[in-house]
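# Structural overview
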Amino acid sequence: MLKAKDKWTDDSDVSRLAASSDDELIRRCRTGDESAWDQLVENYKRLIYSIPLNFGLTREDAADIFQQTLISLVENLDRLHPDSNLAAWLATVTRRHALHLLRKRKREQLGADEDLGESSEWLEAATGSAAEQIEQIQVINQGLNRIGPRCRALLLALYFDDRLPSYEEIAGRMNIPVGSIGPTRGRCLERLREVLSQE
């Protein structure tokens, strides 16, 4: 099931895909429709492969992370709801796998006792897009600390929680209606954009 064509394609940016088509493909995947799975993989393989490559990882690493991301997707098919942004979900999961591999390699190089977050060798070794990603994460974290505890908690749950909680779980945790998550998320993201633009 976890397969993709060997040939790279020139399909257009995944942002053009309508959410309804993703929802339909996910629904069909849940019923075991292999053609739907093949189409889903074809739609998003360029996005998934591009992320580890942008972190400076090899094509072999990217292929491994591609498989790990597809496994995560299979494991979470039943948890994705109609208003899920599949492209953003896949990008988040892929970044986590890529960062995990980078941390593991740096830990092996630097030694288990050295703090990766404070290691000058780690920072110097992080070049190009990886270094930019680290800087962006730091900027976003500072912004999250300035937008208020409820917005911070919501955005962390939606975009940074490794467990990828469902809307229902987040609503229960924050004691808010499920239907309010989308509008609240929009307001919180707008607030975060305002804060980041002031940096």
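Check the entry above for the structure.
A quick note: this is a predicted structure, and the numbers were derived from the prediction, not measured. (Residues numbered from 1 in each chain as written. Predicted model: local features only at pLDDT ≥ 70, side-chain atom pairs only at ≥ 80, totals over all residues. Heavy atoms only, no water.)

## Side note on the side chain of Asp22
Along the chain, Asp22 falls in helix H1 (residues 19–30). Residue class for Asp22 comes out buried when judged on its relative accessible area of 6%. Side-chain polar atoms of Asp22 contact the side chain of Tyr44, separated by 2.6 Å. (Helix = DSSP H or I, 4+ residues; strand = E, 2+ residues; numbered from the N terminus. Buried < 20%, exposed > 50% of the residue type's maximum accessible area, 1.4 Å probe, protein only. Polar contact = N/O pair within 3.5 Å; in protein donor to acceptor, adjacent residues only side chain to side chain.)

## Some points on helix H7 (residues 149–159)
Buried within H7 are the following residues: Cys151, Leu154, Leu155, Ala157 and Leu158. Taken around the axis of H7, the buried residues stretch over an arc of 160 degrees, which confines them to a single face. (Arc of directions from axis to C-beta.)

## Some thoughts on the nonpolar core
Formed by 32 residues in total, the largest nonpolar core has its most connected members in Leu40, Tyr44, Leu73, Leu86, Trp89 and Leu90. The set of elements that each furnish at least two residues to this core consists of H1, helix H2 (34–54), helix H3 (59–76) and helix H4 (86–110). Ranked by residues supplied to this core, first place goes to H4 with ten residues. Ignoring sequence-local partners within four residues, the contact set of Trp89 consists of Ser72, Leu73, Asn76, Leu80 and Leu164. Judged by nonpolar contacts, the second largest core, of 16 residues, contains Leu144, Leu155, Ile170 and Cys188. (Core = buried A, V, L, I, M, F, W, Y, C linked by side-chain atoms within 4.5 Å. Contact = heavy atoms within 4.5 Å.)

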